[in-house]
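Understanding the architecture of this molecule
Here's the letter readout for the chains.
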Amino acid sequence: MAENEAGLVLETLSHESSTAVVTLAKAVLNWLNWTSLRCLVGSMQIEVEAPSPAMFGSESSLSMFLNTLTPKFYVALTGTSSLISGLILIFEWWYFRKYGTSFIEQVSVSHLRPLLGGVDNSSPNNSNTSNGDADSSRQSVSECKVWRNPLNLFRGAEYNRYTWVTGREPLTYYDMNLSAQDHQTFFTCDSDHIRPADAIMQKAWRERNPQARISAAHEALELEDCATAYILLAEEEATTIVEAEKLFKQALKVGEGCYRRSQQLQHHGSQYEAQHRRDTNVLVYIKRRLAMCSRKLGRTREAVKMMRDLMKEFPLLSMFNIHENLLESLLELQNYADVQAVLAKYDDISLPKSATICYTAALLKARAVSDKFSPEAASRRGLSTAEMNAVEAIHRAVEFNPHVPKYLLEMKSLILPPEHILKRGDSEAIAYAFFHLQHWKRVEGALNLLHCTWEGTFRMIPYPLEKGHLFYPYPICTETADRELLPMFHEVSVYPKKELPFFILFTAGLCSFTAMLALLTHQFPELMGVFAKAFLGTLFAPLNFIMEKVESILPSGLWHQLTRI
């Protein structure tokens, strides 16, 4: 009676569903050999009794199920799988491009790992590790500080000319905003309201519109000579370096007078001390820019003398990094002995490093061996002591900033350097290569030695980058800061390269595989049907074998009693 009722239920379902679903339900009933199954159809409750062991034909049920499946079923199955995996792939790729991680992996780590017995970070055993991670985080934040580019170009004479020719803006709003903050810090003080010209310039440095700033500088000069007004006009209105130099010379005369007066009154109160600090910054800035004008106009020896005098007169103002301007000028003169003397003073373990210091030191050591260096000869006889020192210096420089070699080797196009740089970032690499590429080309064989050895650095650096080799671990914040400092048309160099997460590769493979299966099933339905039946039969063969062994070992009465429990 129960068997007839079960058959009635399945006949009722057959009018509402496909033949494949009904056959699958029969196979499940026979294979699992459930003792009773209560189904609610409408308002009538039906009890389905378990079939006898003689009726338990799992292999025949599976064969009957496979025979009833048509090629359309396989096309629909593979097509649906391909669509779902494709949607997952698109979402995973978008999430990875935006946040730099896999959504599935992030959810797994955040929610599944605690359920599977993840490590509790609050335990006392992990306190030291947590403190170490905090120290590393603080170090990364400090290394992601943005610095003023010591070799920054002139806006009017260089950046604006680039805009006129190409129609592109070489400076970002974030970069110019940082420059405005620097100008307010260096060129203003709390007592500017006493002098009308200084009060006007205090407002001018806050203006976002370049024409408004230039107009305010002219207005200040109409009242009296003002050093900061001349600085603004030299930076932004002058269209050539010659014009900028003339304006800086006028600013120098006014700035020296203000400096001498404030120097005599600096001890009379905090207000006079602030004025003297401002006048000192103005004078140092003017002299440094005048030295850079001389360097750009080809008077390199004069520029070197001005920089040396400035460093002797104001030895404590290291924030301007005048020694980097001096290194570049000395390299232009090919005065390598003086370059080595400057490096001996500033390439100290207690001082902050820069790409200029590290790569200039590597260039000097490469210069001693690069003209005779041959990778084939070095592989046969091994590296000499001098060659080993040069290679180690290159590895040290590449570890500090891994973006520079691609610009020096012209594997990546250069753009105008920004006004601010991020140490160890792509912006610093651009600023260094823009001015120092010619010096590497001048040393015979230096670029060849760099090309042969720079990639060996990455085999020495621990991976992942939790620890460094010679420096602190490479900070993870450089990409974000460089994208704000560099223009949109430049492709920011990223280190280390983000590898595609496993789930993106998996979903891509799954989508491609299922789409291929759907296409083949649609084109060759009979052949793919035979292949699918053979594959499923092979897949379920071990399970069928185990079930047959269990049936042969267990007595039929015991099996019947177990099914009724």
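Scroll up a little and you will see the structure.
As the structure is a computational prediction, the values presented were derived from the model and not from experiment. (Residues numbered from 1 in each chain as written. Predicted model: local features only at pLDDT ≥ 70, side-chain atom pairs only at ≥ 80, totals over all residues. Heavy atoms only, no water.)

1. Examining helix α13 (residues 270-296)
Put simply, the rule reads: Secondary structure elements are taken from DSSP: a helix is a run of H or I of four residues or more, a strand is a run of E of two residues or more, and numbering for both begins at the N terminus. Expected helix span is given by 1.5 Å per residue-to-residue step, counting one fewer step than there are residues.
Helix length check: α13 (27 residues) gives 39 Å between terminal C-alpha atoms against 39 Å at 1.5 Å per residue, within 8%. Where α13 terminates, the next one or two residues include Gly298, which has phi positive at roughly 90°.

2. Considerations on the packing of aromatic side chains
What counts is decided by this rule: Stacked, tilted and edge-to-face are the three classes assigned to paired rings of Phe, Tyr and Trp, where Trp is represented by its six-membered ring and a pair needs centres within 6.5 Å; plane angles under 30 degrees give stacked, over 60 edge-to-face, the rest tilted. Each residue is placed in one exposure class: buried if its accessible area under a 1.4 Å probe, protein chains only, is under 20% of its type's maximum, exposed if it is over 50%, and partly exposed if it falls in between. In this analysis the charged atom, NZ for Lys or CZ for Arg, is taken to sit over a ring once it is within 6 Å of the ring centre and within 35 degrees of the ring normal.
Summed over all chains, the structure comprises seven aromatic pairs. Each ring, one from Phe187 and one from Trp205, has its centre 5.3 Å from the other, and the planes form 45°; the classification is tilted. With Phe187 in helix α8 (residues 173-187) and Trp205 in the loop between α9 (196-204) and α10 (210-223), this pair connects stretches of sequence that are 18 residues apart. You'll find Phe187 and Trp205 in the same group, each marked buried. An angle of 75° between the planes, with centres 6.0 Å apart, marks the rings of Tyr259 and Phe314 as edge-to-face. You can see Tyr259 sitting in helix α12 (residues 241-265) and its partner Phe314 sitting in the loop between α14 (300-313) and α15 (322-332), a full 55 residues away along the chain. Judged on exposure class, the residue Tyr259 and its partner Phe314 are both buried. An aromatic cluster of at least three residues, connected via ring pairs, comprises Phe186, Phe187, Trp205 and Tyr285. Seen from the ring of Phe154, Arg289 lies directly overhead, with NZ or CZ sitting 4.0 Å from the centre.

3. As for the packing of helix α11 (residues 227-237) against α13
For the record, the criterion: Orientation is described by axes fitted as lines to C-alpha atoms, over the contacting stretch for helices, and by angles from 0 to 180 degrees between their N-to-C directions. Each helix crossing is assigned a hand: it is left-handed if the near helix lies turned anticlockwise from the far helix by less than a right angle, otherwise right-handed if that turn is clockwise. Note on contacts: a residue pair is in contact if any heavy atoms of the two residues lie within 4.5 Å. Charged means Asp, Glu, Lys or Arg here, nonpolar means Ala, Val, Leu, Ile, Met, Phe, Trp, Tyr, Cys or Pro, and polar covers whatever is left, Gly included.
Viewed as axis vectors pointing N to C, α11 and α13 meet at an angle of 35°, and their least axial separation amounts to 11 Å. Where α11 crosses over α13, the two elements pack in a sense that is left-handed. Each of Ala227, Thr228, Ile231 and Glu235 in α11 lies in contact with α13, whose residues at this interface are Val282, Tyr285, Ile286 and Arg289. When its residues are assigned to classes, the contact of α11 with α13 shows five nonpolar, one polar and two charged.

4. Let's talk about the nonpolar core
Rules: The set of buried Ala, Val, Leu, Ile, Met, Phe, Trp, Tyr and Cys residues whose side-chain atoms join them within 4.5 Å is what this entry labels a nonpolar core.
In terms of nonpolar packing, the biggest core is built from 94 residues, with Met201, Ile231, Phe248, Ile286, Tyr359, Leu408 and Trp440 touching the most fellow members. Ignoring sequence-local partners within four residues, the contact set of Trp440 consists of Tyr359, Ala362, Leu363, Leu408, Tyr432, Ala446, Leu447 and Leu450. Counting six residues, the second-largest nonpolar core is a separate cluster that includes Leu153, Tyr159, Leu416 and Phe435.

5. A word on the packing of α13 against α15
Quick note on the threshold: Should an angle lie under 35 degrees it is considered roughly parallel, over 145 roughly antiparallel, and from 65 to 115 roughly perpendicular; all remaining angles are considered oblique.
In contact at an axis separation of 11 Å, α13 and α15 are set at 15° when each is read in the N-to-C sense. Put simply, α13 runs roughly parallel to α15. Considering how the two elements wind past one another, α13 and α15 form a crossing that is left-handed. Contact with α13, carried on its side by Val284, Arg288, Met292 and Arg295, involves Ile322, Asn325, Glu328, Ser329 and Glu332 of α15 and no other residues of that element.

6. Structural notes on helix α21 (residues 426-442)
Test applied: Each residue is assigned a bend, namely the angle between axes fitted to the seven residues that terminate at it and the seven residues that start at it.
End to end, α21 covers 24 Å across 17 residues, agreeing with the expected 24 Å (1.5 Å per residue, within 8%). The largest bend in α21 is about 55°, located at His436. Most of α21 is tucked away, with 13 of its 17 residues classed as buried.

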